[in-house]
Amino acid sequence: MVNVNGSSNNYAAAKLQGLEADLSLDDTEYQTGLSILFVGYILMQVPSNMLLNYMGRPSLYIGFFTCAWGLVSAVTSQVTNYGGIVACRFILGVVEAPFFCAILFYLSKWYTKRELAFRMSIFYSGSLLSGAFGNLIAAGILNGLRGHRGLSAWQWLYIIEGSITCAIGLVICFVLPDFPETWKLLSPEMRKVAQRRLAIEAGQADVDEGGSKSQFEGFKLAMTDVKTYVFALAYMCITGASGFQNFFPTLVQTLNLEETITLVLVAPPYLFMVVYSLCHSLASDKFEKRFWFFFYPIPITIIGFVIFMKTDGFGPRYFSFFLMVFVFAQNGTLYSWLASSIPRPPAKRAVGQSYFILCSIDQQANQNSLRILQLNWKQRFNLDPLHIY
């Protein structure tokens, strides 16, 4: 649930609550603020996971960056111009980037490949809940805190969600177990059990040779493994198809309802997918299959897109949202598939899961989907194509 402060989601909701007008942003400046976040993401992905693997203390590492993430988000509420929002969004990308890839690597240090997909989906459900409850929080703020103490609704949104994230980060520092080989509260017997489970599965211990040299060797191994690029291509396709999440409130807005109802109706498709993706990944683990569980959501998502484009009625169009979100069911499957396909050494897996290639192509797909929407929005829906949330 630390993903309650999803940066794309609250930036989208903030625009609906007046951020663009208060900061006097034109369409290009708003888009720049949206995209600059990913620059920080790309710069931090690989060095972050390499540093985490070297330190071996995920409780402190993840907790620190979660607190930093929430603090920068809260400070964003005080920006007054274009330069301020761009600077905050860039820094937010830098401090937010370590979290996602670190959790993927962390889970792979504790669970076998028969357990990973379900755990990955539990983690990713935080992002889905962010899309759901982040907008519900925005709806409450829109009605209850607009103008309170002289602050706009979007400012309260950043303050509240940033404060929650900071609090969760502090809790993480004290309650999150470290890796099996570094967690001091783990008894020697249980440590051997945890390490042996992973060693039996892969045929070798889940440890590096030690020292900073092994981290750079892991980088080299990951970047010369063709599987890294295959998964990069797969993730590019997923992210390109799920780019609609950046402006999901706007898609719901085509139902022609008031602002608060629009934000509330964003939640059900996300909540549905939280439950479904957990069942989907649990079945993937049980049957020990990845390909078919990765493939079957694709035609369902395509059907959702077609229904949305070809219908105007409330029922069919809202139903299409529940089909479109099937693309998110693929994430847990792909994350676990990657971890089990690039298992050893840990330094190599850390780099692979930090999405060096994956992340750069991922964000390219995101930005391309936004540009495509801009070109077609006005013609299809007779709306300003720049109202992308």
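The rules behind these values
Residues numbered from 1 in each chain as written. Predicted model: local features only at pLDDT ≥ 70, side-chain atom pairs only at ≥ 80, totals over all residues. Heavy atoms only, no water. Helix = DSSP H or I, 4+ residues; strand = E, 2+ residues; numbered from the N terminus. Expected span 1.5 Å × (residues − 1). Bend = angle between axes of the 7 residues up to and from the residue. Contact = heavy atoms within 4.5 Å. Axes fitted to C-alpha atoms, helices over the stretch in contact; angles between N-to-C directions. Left-handed = near helix turned anticlockwise from the far one by under 90°. Core = buried A, V, L, I, M, F, W, Y, C linked by side-chain atoms within 4.5 Å. Buried < 20%, exposed > 50% of the residue type's maximum accessible area, 1.4 Å probe, protein only. Phe/Tyr/Trp six-rings, centres within 6.5 Å; stacked < 30°, edge-to-face > 60°. Lys NZ or Arg CZ within 6 Å of the ring centre and 35° of its normal. pLDDT = per-residue confidence, 0-100. Salt bridge = Lys/Arg side-chain N within 4 Å of Asp/Glu carboxyl O. Polar contact = N/O pair within 3.5 Å; in protein donor to acceptor, adjacent residues only side chain to side chain.

## Focus: helix α3 (residues 27–55)
For α3, which comprises 29 residues, the first-to-last C-alpha distance of 42 Å matches the rise-based estimate of 42 Å (1.5 Å per residue) to within 8%. Taking the largest bend as the criterion, α3 deviates by roughly 40°, centred on M44, and proline P47 comes between one and four positions later. Positive backbone phi, at 75°, marks G56, one or two positions downstream of α3.

## Points about the environment of S121
One can find S121 in helix α6 (residues 113–144). A sequence separation of 157 residues divides S121 from L278, and the C-alpha atoms of the two residues are 5.8 Å apart. The contacts of S121, once residues within four sequence positions are left out, are S277, L278, S281 and G332.

## Things to note about the packing of helix α13 (residues 267–287) against helix α16 (residues 314–324)
Where α13 meets α16, the axes come as close as 9 Å, and the angle between the chain directions of the two elements is 35°. Note on packing geometry: the crossing formed by α13 with α16 is right-handed. Two secondary-structure elements touch here, α13 through P268, P269 and F272 and α16 through Y318, F321 and F322.

## Here's the deal with the nonpolar core
Formed by 68 residues in total, the largest nonpolar core has its most connected members in F244, F248, L251, F321 and F328. Broken down by element, the residue count for this core peaks at eleven residues, all from helix α5 (residues 82–108). If sequence neighbours within four positions are ignored, F244 has contacts with L251, F305, M324, V325, V327 and F328. Of all hydrophobic cores here, the second largest spans 15 residues; its members include Y30, I36, I85 and W154.

## A short note on the packing of aromatic side chains
Tallying each qualifying case throughout the model produces 34 aromatic pairs. Plain terms: the ring middles of Y235 and Y335 are 5.9 Å apart, the flat faces sit at 55° to each other, and that makes the pair tilted. Taken together, the residues Y235 in helix α10 (residues 226–241) and Y335 in helix α17 (residues 329–341) connect sequence positions 100 residues apart. We note that Y235, like Y335, is buried. Note that K109 overlies the ring of F179, its terminal NZ or CZ placed 5.2 Å from the centroid. In this structure, R317 is placed above the aromatic ring of F308, and the distance from its NZ or CZ to the ring centre is 4.6 Å.

## A short note on the confidence of the model for the protein
Looking at the protein as a whole, the pLDDT averages 80, with 81% of positions reaching at least 70. Overall, residues 1–5 carries pLDDT values under 50, and its contacts beyond four positions in sequence, including any with other chains, amount to 26 contacts.

## Focus on the pattern of salt bridges
Any two side chains of opposite charge can pair, given that their charged atoms come close. The tally for this structure, following the rule as stated, stands at seven salt bridges. Residue R57 pairs with D178 through a salt bridge whose shortest N-O separation is 2.7 Å. Taken together, the positions of R57 in the loop between α3 and α4 (58–76) and D178 in the loop between α7 (153–175) and α8 (188–202) put the pair 121 residues apart, joining distant regions of the chain. A relative accessible area of 4% means that D178 is categorised as buried. Salt-bridge contacts for K109 lead to E181; the nearest nitrogen and oxygen are separated by 2.9 Å. Separated by 72 residues along the polypeptide, K109 in the loop between α5 and α6 and E181 in the loop between α7 and α8 bring together distant segments of the chain. When its relative accessible area of 2% is taken as the criterion, K109 is described as buried.

## Focus: the environment of P346
Tracing the backbone shows P346 in helix α18 (residues 346–353). Spatially, the C-alpha atom of P346 lies 9.5 Å from that of S214, the residues being 132 residues apart in sequence.

## A few points about α10
When the terminal C-alpha atoms of α10 are compared, their 23 Å separation across 16 residues agrees well with the 22 Å that a helix rising 1.5 Å per residue should span. Those residues of α10 that sit buried are T228, F231, A232, A234, Y235, I238 and T239. Residue D225 occupies the N-cap position of α10, its side-chain oxygen lying 2.9 Å from the main-chain nitrogen of K227.

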